[in-house]
Amino acid sequence: MEAKKAAAELAITEIQDGMIVGLGTGSTAYWAIQGLGARVQNGLYIQAVATSVASENLAKELGIPLIPFADISEIDVTIDGADEVDPDWHLIKGGGGALLREKIVAFSSKKLIIVVDESKVVTQLGAFPLPVEVVKFGYELTIRKLRALGCEPKVRVADNQPFVTDNGNYIIDCHFGSIPNPAELHQAINGIPGVVENGLFIGLASQVIVGYKDGSVRSL
Ligand SMILES: O=C(CO)[C@H](O)[C@H](O)COP(=O)(O)O
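On a predicted model such as this, the values are computed, not experimentally measured, just so you know. Residues take numbers from 1 onward in each chain, read along the sequence in its written order. The predicted nature of this model means local features are confined to residues of pLDDT at least 70 and side-chain atom pairs, given and counted, to a pLDDT of 80 or more, with totals for whole chains, interfaces and linings taken over all residues.

## Here's the deal with the sheet that holds strand β5 (residues 91–92)
One open sheet accounts for three strands, arranged β4-β5-β13; its pairing is antiparallel. Strands with a single pairing partner mark the edges of an open sheet, and in this sheet they are β4 (84–85) and β13 (200–201). Any two strands with at least two DSSP-identified bridges between them are counted as paired. Each helix is a run of DSSP H or I of at least 4 residues and each strand a run of E of at least 2, with the numbering of both proceeding from the N terminus. As paired strands, β4 and β5 are joined by two bridges and run antiparallel to one another. Among the inter-strand pairings, Glu84 is bridged to a residue of β5, identified as Ile92.

## Remarks on the nonpolar core
Membership of the largest hydrophobic core comes to 59 residues, with the highest contact counts inside it found for Ala7, Ala11, Ala32, Ile114, Val115, Val132 and Ile209. Our contact criterion uses C-beta atoms placed from the backbone: two residues qualify when those atoms are within 7 Å. Setting aside chain neighbours within four positions, we find Val115 in contact with Ala7, Ala8, Ala11, Thr28, Ala32, Ile79, Gly81 and Ile209. By our criterion, buried Ala, Val, Leu, Ile, Met, Phe, Trp, Tyr and Cys residues that link up through C-beta atoms within 7 Å make up a nonpolar core. Here exposure depends only on C-beta density: within 10 Å of a residue's C-beta, 20 or more other C-beta atoms make it buried, 12 or fewer make it exposed, and intermediate numbers make it partly exposed, the C-beta atoms being placed from the backbone.

## Considering the site of the ligand
Whether a residue is near a molecule or strand depends on its C-beta atom, placed from the backbone, lying within 6 Å of it. The ligand sits among 18 residues. The nearest are Gly26, Thr28, Gly81, Gly95 and Gly96. Those elements giving two or more residues to the shell around the ligand turn out to be α2 (27–41) and α4 (99–107). No other element matches α2, which puts three residues into the shell around the ligand. Throughout, the ten residues Ala, Val, Leu, Ile, Met, Phe, Trp, Tyr, Cys and Pro are labelled nonpolar, Asp, Glu, Lys and Arg are labelled charged, and all others, Gly among them, are labelled polar. Across the shell around the ligand, the residue classes tally to four nonpolar, 10 polar and four charged.

## Describing the domain arrangement of the protein
Here the bounds of each domain stem from an automatic or database domain assignment. Once the domains are mapped, the protein shows domain 1 (2–120 + 203–213) and domain 2 (130–196). Distance from the C-alpha centre of domain 1 to the C-alpha centre of domain 2: 24 Å. Residue-level contacts link 11 residues of domain 1 with 10 residues of domain 2. Top contributing element to the side of domain 1 that touches domain 2 by residue count: α4, with three residues.

## As for the UniProt feature "active site" (unreviewed entry) in the protein
UniProt annotation of "active site" (unreviewed entry) refers to Glu102 when read in the numbering used here. Structurally, Glu102 can be placed in helix α4. Residue contacts for Glu102: discarding those within four places in its chain leaves Gly24, Thr25, Thr51, Asp80 and Lys93. UniProt positions are given in the numbering used here, feature names are shortened, and annotations may be inferred rather than shown by experiment.

## Focus: the sheet that holds strand β6 (residues 109–117)
In sheet architecture, strand pairing relies on hydrogen bonds along the backbone and comes in two forms, parallel and antiparallel. Strands sit in the order β2-β1-β3-β6-β14-β15 across an open sheet of six strands; the sheet is mixed. Looking at the sheet topology across the chains shown, the edges are occupied by β2 (47–50) and β15 (217–219). Each adjacent strand pair in this sheet contributes to an overall mean axis angle of 20°, direction not counted. Bridge count for strand β3 (residues 75–80) against β6 is five bridges, and the pairing is parallel. If you follow Asp80 over to β6, its bridge partner there is Ile114. Note on method: axes are straight lines fitted to C-alpha atoms, helices fitted across the in-contact stretch only, with angles between N-to-C directions ranging 0 to 180 degrees. Where α4 meets the sheet, its contacts fall on β1 (20–23), β2, β3 and β6, and the angle it forms with β3 comes to roughly 145°.

## Section: the environment of Asp88
Position of Asp88 among the secondary structure elements: in the loop between β4 and β5. Looking at Asp88, the number of C-beta atoms within 10 Å reads 12, which means it is exposed.

This is the structure we're talking about:
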């Protein structure tokens, strides 16, 4: 917890008055939202967009003003977590099931700050199962096509039911073991009809902040 919190606390120092801020999802982004909430209570003026219903609810509780997507064309800074970060700052995201909204927000962000603890920093992506969001219709066929790309796909389950995203879709966790060419795999997965989006974030991160067990923090 200390490592995640330390990374999040450094990231929020980038946020200044008047910014439109993207709020990530997960236990590290949680600390960033908490920190921003405290700063808003002390007079910081920002407007935010959230990457999940959970983060939106947290922002509301903390009094962080939210702005509709219809009213903006860009987001100044988004702070979000990740499940894996490689040396090129390609990411696996979606452990919390919010990858689609996270990618939509990241893609329209001038700056995407990724906050992680040291366990997320890897030399090659793929030990963490890659989350893929798929529509419910025909998902058994979509799974076969994913398997043909060389992974063991598993429908994500929560409370003994298939997990349903904020967008009403399923998540298929794809166990690749290693992903030597993330950009190529990203294209191949998104080329399968039924796939809405996958958790590979290629070339989107602008900064990676890593928190360590001893509470220290480093910006890569
Ligand atoms: O992509 C995500 C949610 O969809 C999260 O950012 C990712 O799973 C990391 O989560 P945490 O900060 O809890 O380790």
